[in-house]
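Report on the structure
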Amino acid sequence: MHIPITPLANPEAALADGLGCHSGKEQLRAAAQAAGKSGVLQQYAADYPTDPKAGPHDQPQSMCPAFGSLRVGLRMRRTATVLSGSACCVYGLTFTSHFYGARRSVGYVPFNSETLVTGKLFEDIREATFKLADPALYDAIVLINLCVPTASGVPLQLLPKQINGVRVIGIDVPGFGVPTHAEAKDVLAGAMLRYARAEAEAGPVQAPANARKGRPTVTLLGEMFPADPVGIGMMLEPMGLAAGPVVPTREWRELYAALDGSVVAAIHPFYTASIREFQAAGRPVVGSAPVGHDGTEAWLQAIGNAANVAQAQIDAAKNRMLPAIKGALAARPIKGRITLSGYEGSELLVGRLLVESGADLRYVGTACPHTEWSEPDREWLVAHGVHVQYRASLEQDLAAMHAFEPDLAIGTTPVVQAAKEATIPALYFTNLISARPLMGPAGAGSLAAVVNAALGNKARFETMNSFFGASGVGVGDRAGVWEDVPKLRPEFRNEFKRHMVKLQKKRKAEEMI
């Protein structure tokens, strides 16, 4: 069968000088709008708002957002995930995904300027999708447009919705439209829930392999440590409830069970598109999470109310869990001033746990936006004297660290680097903090060991700083061991700066022609 070539919606954009990963996001966004992607970008702007007054740092400095969608696809069984984007981007995303333990291959449809402009890229994507669509191997195929194909208008929405019984889901995840990789998880999770909801509304669907029978379930929204859903299930048991699937799910059939839950717990509060699908299915949504004593008490009450559980059963759940949590917090106290920042979306939950553990927490910065589902956590932290910064930039995180002079800085890689250079002990949030149980009694004492060990490292950092400072290794561009310390040449730097200003003016003049 002949597959007609779909011409590129905006070929001039693809040929424009500098359109690529290195282009400014305004140029890419304008090209995408001209290429017919206005509706997608408007929805993303509504779902994942940024602060237009934030200047150059209106978008948090984190990893490529598309990693979030890629991670969701690679975690699912019987799902093929295919990227369409610049080769350098695909290489970086593939490397990062396997660094974080992906066990599945990443598909890639390469392109060049000619195939992009003529529309041949879309034909190549369509051909690859048909070749992949083997129902014996896959339940779904996920195709992800990165920045350049999105800006050029590659129309993944024109692909068939299913081929040989294999579902086809195409999404755009440009860095100039989706602020963080955490929110990109929601882009794909929401698209899958929308597809699954349409299937369920159309007729009977396949039951999950581990379907729970008898008790109503609570769907858990947001990635979490594997032990946390088990602990949540134990907390829900006295109320006659069970922990349902975790969204993003591990297989397609779990999406139906997630939609069938009695209540949705927005553990991570930024899954706006997913919440929209749950609400369309008539499911109530509860924010926050069972972290610490106060958080667990409020969460159990909110879940019980949403699920129409009798107050006596809610009280039974509280009486079973709250004393154990209080005991765990008392047994493993944390003493020290801390600043906290990250881009995973669980920063406010970790902040609550630190405060209840006794830490003097001054600042919580999260790359994610403020939503109504995070409001209970924000209110609690503010009431306990913590400054909460949504859409936190690296500059804000560093400013907080310098202003509060903490005994420990928990943050992203550049924050950790800056802290250690200032002889402040530091921990990387993603690998050392968020990758631990946080919920219930297990979570109550999980942070104490790693945090207290780091708090005790101040003297070691001062010793290292003294040693290397005395050794004359230098800092910045003069760091290292040299026969002769590099001499500063400010005239060279000034000349290069003048050259860059001149080049920028030339480009602006060409744009006005």
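Being a predicted model, the structure only gives us computed values, none of them experimental. (Residues numbered from 1 in each chain as written. Predicted model: local features only at pLDDT ≥ 70, side-chain atom pairs only at ≥ 80, totals over all residues. Heavy atoms only, no water.)

Turning next to the layout of surface pockets. Taken as a whole, the second largest pocket holds about 590 Å³ of empty space. What lines the second largest pocket is a set of 26 residues, and nearest its centre among them are I169, G170, I171, A191 and R194. Elements supplying a minimum of two residues to the lining of the second largest pocket: α3 (38–47), β5 (166–172), α9 (181–202) and α12 (272–280). Examining the composition of the lining of the second largest pocket, we find that 7 residues originate from one element, α9, more than from any other. Of the residues contributing to the lining of the second largest pocket, the split by class is 14 nonpolar, 5 polar and 7 charged. (1 Å grid on protein atoms, 1.4 Å probe; cavity = no way out; pocket = protein on both sides within 12 Å on 5 of 7 lines; lining within 4 Å. Points joined across faces, edges and corners; volume = space filled by probe spheres on them. Helix = DSSP H or I, 4+ residues; strand = E, 2+ residues; numbered from the N terminus. Nonpolar A, V, L, I, M, F, W, Y, C, P; charged D, E, K, R; others polar.)

Here we come to the packing of aromatic side chains. Under the counting rule described, the total for this entry stands at 3 aromatic pairs. For the pair Y44 and Y48, a centre-to-centre distance of 6.1 Å together with 40° between the ring planes defines the contact as tilted. Neither Y44 nor Y48 differs from the other in exposure class; each is buried. Relative to W252, the ring of Y195 has its centre 5.6 Å away and its plane inclined at 85°; by these criteria the two rings are edge-to-face. Of this pair, Y195 sits in helix α9 while W252 sits in the loop between β7 (242–247) and α11 (253–259); the two residues are 57 residues apart in sequence, bridging distant segments of the chain. Here Y195 matches W252 in class, with each residue buried. (Phe/Tyr/Trp six-rings, centres within 6.5 Å; stacked < 30°, edge-to-face > 60°. Buried < 20%, exposed > 50% of the residue type's maximum accessible area, 1.4 Å probe, protein only.)

Next up on the list: the pattern of salt bridges. Taken as a whole and assessed by the stated rule, the structure comprises 24 salt bridges. A salt bridge links K120 to D124, with the shortest nitrogen-to-oxygen separation between them at 2.5 Å. Pair noted here: K120 and D124 are both in helix α7 (residues 120–132), with a separation of 4 residues, about one helical turn. Put simply, R71, R75, K185, E223 and E344 are held in one network by salt bridges that share partners. (Salt bridge = Lys/Arg side-chain N within 4 Å of Asp/Glu carboxyl O.)

Another aspect to go through is the sheet that holds strand β10 (residues 337–342). Strand order in the open sheet made by the 5 strands is β12-β11-β10-β13-β14, with parallel pairing throughout. Either end of the sheet is taken by a strand with one partner, and the two such strands are β12 (387–389) and β14 (426–428). Averaged over all neighbouring strand pairs, the angle between strand axes comes to 10°, with direction disregarded. Across 3 bridges, strand β11 (residues 360–366) lies against β12 in parallel orientation. The residue bridging Y363 from the neighbouring strand is H387, located in β12. (Pairing = 2+ DSSP bridges. Axes fitted to C-alpha atoms, helices over the stretch in contact; angles between N-to-C directions.)

Look at helix α4 (residues 66–75) against helix α5 (residues 87–99): their axes get within 10 Å of each other, and the N-to-C directions meet at 50°. Between α4 and α5, the angle is such that the two are oblique. By crossing handedness, the relation of α4 to α5 is classed as right-handed. Between α4, through A66, F67, L70 and L74, and α5, the contact on the second element is made entirely by L93, T96 and S97. (Parallel < 35°, antiparallel > 145°, perpendicular 65-115°, else oblique. Left-handed = near helix turned anticlockwise from the far one by under 90°. Contact = heavy atoms within 4.5 Å.)

A separate point is the environment of L432. In this structure, L432 sits in helix α19 (residues 429–433). Sequence separation of L432 and V451 is 19 residues, and the distance between their C-alpha atoms is 9.4 Å. Beyond its immediate stretch of four places on either side in the chain, L432 contacts L427 and V450.

Counting buried residues along β10, 5 of its 6 residues qualify, which places the element largely inside the surrounding structure. Pairing geometry for β10 and β11, over 6 bridges, is parallel. Bridge pairing in β11 links R337 to D360.

Bringing unusual backbone geometry into the picture now. What is expected of a backbone is that most residues other than glycine have negative phi and most peptide bonds are trans. Residue V247 is joined to P248 through a cis peptide bond whose omega torsion reads 5°. Locating P248 in the fold gives a position in the loop between β7 and α11. A positive phi is found at N308, a non-glycine position, where the angle reads about 60°. Here N308 is to be found in the loop between α13 (292–306) and α14 (311–331). By relative accessible area, N308 is classed as exposed at 73%.

Tracing the backbone through its elements, the reader meets H268 in the loop between β8 (263–266) and α12. With residues up to four places along the chain from it excluded, the contact list for H268 reads L221, G222, E223, E344 and S346.

Looking now at the environment of Y271. Inspection of the secondary structure puts Y271 in the loop between β8 and α12. Look at Y271 and you get buried, because its relative accessible area is 0%. For the pair Y271 and D47, spaced 224 residues apart in the sequence, the C-alpha separation amounts to 8.6 Å. If near-sequence neighbours (up to four positions away) are discounted, Y271 is found in contact with K185, D186, A189, L221, G222, E223 and P248.

A word on helix α16 (residues 375–383). Two residues of an α-helix separated by three or four positions point the same way, owing to the 3.6 residues in each turn. Listed as buried for α16 are E375, D377, W380 and L381. Lining the buried residues of α16 we find α13, α15 (347–356), β11 and β12.

Let us now look at the pairing of strand β13 (residues 408–411). The side chains of a regular strand alternate between both faces of the sheet. Of the two faces of β13, the one carrying L408 and I410 and the one carrying A409 and G411 are both buried. Bridge count for β10 against β13 is 3 bridges, and the pairing is parallel. Across the sheet, residue L340 finds its bridge partner in β13, namely I410. Both β13 and β14 contribute to a ladder of 3 bridges, which runs parallel. Following the sheet pairing, A409 is matched in β14 by A426.

What follows is about α3. Of the residues making up α3, those classed as buried are L41, Y44 and D47. For α3, the arc enclosing every buried residue in end-on projection is 130°, short of the 170-degree limit, so these residues lie on one face. Across from the buried face of α3, at angles greater than 90 degrees, the exposed residues are Q42 and A46. Residues of α3 that are buried in the fold lie against α2 (25–34), β5, α9 and α12. (Arc of directions from axis to C-beta.)

Let us now look at the confidence of the model for the chain. Looking at the chain, the pLDDT average stands at 89 and 90% of residues meet or exceed 70. Within the chain, the element-level pLDDT minimum falls on helix α1 (residues 11–15), averaging 47, and the maximum on β8, averaging 98. In this model residues 1–11 is a low-confidence stretch, pLDDT under 50, and it forms 29 contacts with partners more than four residues away in sequence or in other chains. In this model, residues 13–18 is a region of pLDDT below 50 whose contacts with residues beyond four sequence positions or in other chains number 14 contacts. (pLDDT = per-residue confidence, 0-100.)

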